[in-house]
Amino acid sequence: MSDKNAVSTVEIPNTNLNVADDTFKGKIKGIINEAMSNNPYFAAGGGLMILGTGLAVARSGIVKLSRVLYRQMIVDLEIQSKDKAYSWFLTWMAKHPQRVSRHLSVRTSFIQHDNGSISTRFNLVPGPGNHWIKYKGAYLHIKRERSAKMIDLQNGSPYETVTLTTLYRDRHLFHEMLDEAKELALKTTEGKTVIYTSFGPEWRKFGQPKAKRAYASVILDRGIKENILKDVQQFMQNGKWYSDRGIPYRRGYLLYGPPGSGKTSFIQALAGELDYNICMLNLSEGNLTDDRLNHLMNNMPERSILLLEDIDAAFNQRAQTQDQGYHSSVTFSGLLNALDGITSSEETITFMTTNHPERLDPAIMRPGRIDYKQFVGNASLYQAQQMFLKFYPEKVELAELFVKELADLKLSVSTAQLQGLFVMNKDDAPAALANIGTLKLTNGIDSHI
Ligand SMILES: Nc1ncnc2c1ncn2[C@@H]1O[C@H](COP(=O)(O)OP(=O)(O)OP(=O)(O)O)[C@@H](O)[C@H]1O
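What counts and what doesn't
- All residue numbers here refer to positions counted from 1 along the written sequence of the relevant chain.
- With the structure being a predicted model, the display of local features is reserved for residues of pLDDT at least 70 and the display and counting of side-chain atom pairs for 80 or more, all residues being used for whole-chain, interface and lining totals.
- Side-chain metrics in this entry use all non-hydrogen atoms of the structure; hydrogen atoms and water are not considered.
- UniProt positions are given in the numbering used here, feature names are shortened, and annotations may be inferred rather than shown by experiment.
- The nonpolar core is taken to be a set of buried Ala, Val, Leu, Ile, Met, Phe, Trp, Tyr and Cys residues, with the residues joined through side-chain atoms within 4.5 Å.
- Type-normalised accessible area, obtained with a 1.4 Å probe on protein chains alone, sets the label of each residue: buried when under 20%, exposed when over 50%, and partly exposed for intermediate values.
- A helix here means a DSSP run of H or I that spans at least four residues, while a strand means a run of E at least two residues long, and both kinds are numbered starting from the N terminus.
- Residue contacts follow a heavy-atom distance rule, with two residues in contact if any of their heavy atoms lie within 4.5 Å.
- Being paired, for any two strands, means DSSP has found at least two bridges between them.
- Note on method: axes are straight lines fitted to C-alpha atoms, helices fitted across the in-contact stretch only, with angles between N-to-C directions ranging 0 to 180 degrees.
- Without a salt bridge and with relative accessible area above 30%, a residue can belong to a patch; like charges are then joined within 9 Å and nonpolar side chains (Val, Leu, Ile, Met, Phe, Trp, Tyr) within 5 Å.
- Only the protein chains shown count as cover for residues, and all accessible areas are computed by the Shrake-Rupley method using a 1.4 Å probe.
- Each salt bridge in this description consists of a side-chain nitrogen of Lys or Arg and a carboxyl oxygen of Asp or Glu lying within 4 Å of one another.

The protein chain goes by AAA+ ATPase domain-containing protein in an unreviewed UniProt entry, where it is assigned to Henningerozyma blattae. In its Catalytic activity (unreviewed entry) section, the UniProt entry covering the protein chain states "ATP + H2O = ADP + phosphate + H(+)". In its Sequence similarities (unreviewed entry) section, the UniProt entry covering the protein chain states "Belongs to the AAA ATPase family. BCS1 subfamily."

Colleague: Got a minute to help me understand the nonpolar core in this structure?
Modeller: In this structure, Leu283, Leu293, Leu308, Ile311, Leu335 and Ile364 are the most contacted members of the largest nonpolar core, which totals 30 residues. Elements with a contribution of two residues or more to this core: strand 12 (250–256), strand 13 (277–282), helix 9 (290–297), strand 14 (304–309), helix 10 (312–324) and helix 11 (332–340). The biggest single contributor to this core is helix 11, with 5 residues. Once residues lying within four places of it in the same chain are set aside, the contact partners of isoleucine 311 are Leu254, Leu283, Leu335, Met352, Thr353, Thr354, Leu360 and Ile364. Listed in part, the 28 residues of the second largest apolar core include Ile228, Ile278, Phe351 and Tyr372.

Colleague: How should I be thinking about the sheet that holds strand 9 (residues 195–199) in this particular structure?
Modeller: Two orientations exist for strands paired in a sheet by backbone hydrogen bonds: parallel and antiparallel. Overall, mixed pairing links the 7 strands, which are arranged 10-9-13-14-15-12-16 in an open sheet. Among the strands making up the open sheet, the edge pair consists of strand 10 (202–205) and strand 16 (372–375). Here the strands of the sheet are splayed against their neighbours by 25° on average, with no regard to which way each runs. With 7 bridges joining them, strand 12 and strand 15 (residues 348–354) adopt parallel strand pairing. By the bridge assignment for strand 15, arginine 251 is matched with isoleucine 349. Of the strands in this sheet, strand 12, strand 15 and strand 16 are in contact with helix 6 (residues 224–236), which crosses strand 12 at around 165°. The strands that helix 8 (residues 263–274) touches are strand 9, strand 12, strand 13, strand 14 and strand 15; relative to strand 14, the one it contacts most, it runs at about 175°.

Colleague: I keep staring at a nonpolar patch on the surface and nothing clicks. Help me out?
Modeller: A surface patch of nonpolar side chains, about 410 Å² in accessible area, is lined by Leu104, Val106, Phe122 and Leu124. Secondary structure elements with two or more residues in the nonpolar patch: strand 3 (104–112) and strand 4 (118–126). Relative to the assigned elements, valine 106 resides in strand 3. Take valine 106: its relative accessible area is 53%, and that puts it in the exposed class.

Colleague: Looking at this structure, I do not really get the pairing of strand 12. What am I missing?
Modeller: Buried residues dominate strand 12, accounting for 7 of its 7 residues. The side-chain alternation of strand 12 yields two buried faces, one formed by Arg250, Gly252, Leu254 and Tyr256 and the other by Arg251, Tyr253 and Leu255. The pairing of strand 12 with strand 16 spans 4 bridges and is parallel. Residue pairing in the sheet places leucine 254 in a bridge with lysine 373 of strand 16.

Right, here's the structure in full:
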């Protein structure tokens, strides 16, 4: 029977086949309908299945839609801990009045007051976790994360990020917020000089920003301060002149003379006067290599004067390396390369100091390396008088006597020694005059190189 049907099926034209198929489908449908209408369990299961499928489709639709909406409506900003804005932002947020933070971290800082005293301040900054703030009417979500696996190789601290999230339409607030954070950070150093020293390959703040050294408090011989200040100011105004001629925009100054004559103090006062910071490097530092010196000199914080102290150290070690065979840190050629290699198009003002100008190789005196050299010697009579009046402002007559006595004794003393005498006889000008003999004789230094 089945064989017969099979043969006839082959012979039936297509239309008949569809008819047979429709009949089969109809039968199945009938069975399902019957089962569903007659069997309540089956009907409920089918309903649930359809409902479940519908919900699953709806759910994935919602997820996709919310992703699209998130992308369209939400904007993120990531600040990494290696960026300057990172600590500015945390400090800003610590001061923001409308914030909800349950996780806080403490940051201790030391504040130097105008009278020189130092007090401690604890800032409670947002710790790792989620925070909310309301800023200019908009809500911002802030997430601070600390990586358990990645550390900053330079300082060994864990790598961190802060992610700010807000509505796309409020994205301009990021700029405003970062500007405010920067302003706040700059205010803490306003009227102060930040001293940077090298830490590995990077510059780090050395202690807290210091109150600016008053320019008038450093007393050099007539005209020295004024001439250097004028030269630096002229240099600072001539950036275009340098760039038009393709000359590296840098200027090097050498101050040489005996210890305690006020070289470093003057550079600090000059930085204060110009509202600049100081990047300080001592070339006799053991772990400073040529590569590090070069890298540091090409990566200085903005608005900074580079101060290279004791540059003769680079020359000493060259001789020592040859004669005694021990390893030098910064070499003479390393120093020259670093001075020549400052490629930054921003201005670079380098001050170098030495107590031993006779040890310097003439190669360093080339313009472009040292453009301006100045001897800063032991106290002249003019300086002695000015120093006396700085400590005892109204004692003009005693100041004259003091200078006369100094001249009679033919004493060559440093300004630091004079300062020592006046500090010992604080508020007692006659005692300072009486004790003038305690100033020891110091050797002069050749003022011509
Ligand atoms: N000309 C000066 N005017 C005012 N203070 C001075 C002067 N010279 C020295 N002093 C005081 O003496 C101390 C040492 O001065 P400073 O370190 O500036 O001397 P220096 O010439 O840089 O010495 P060194 O060559 O040893 O580095 C400071 O406390 C400074 O205030």
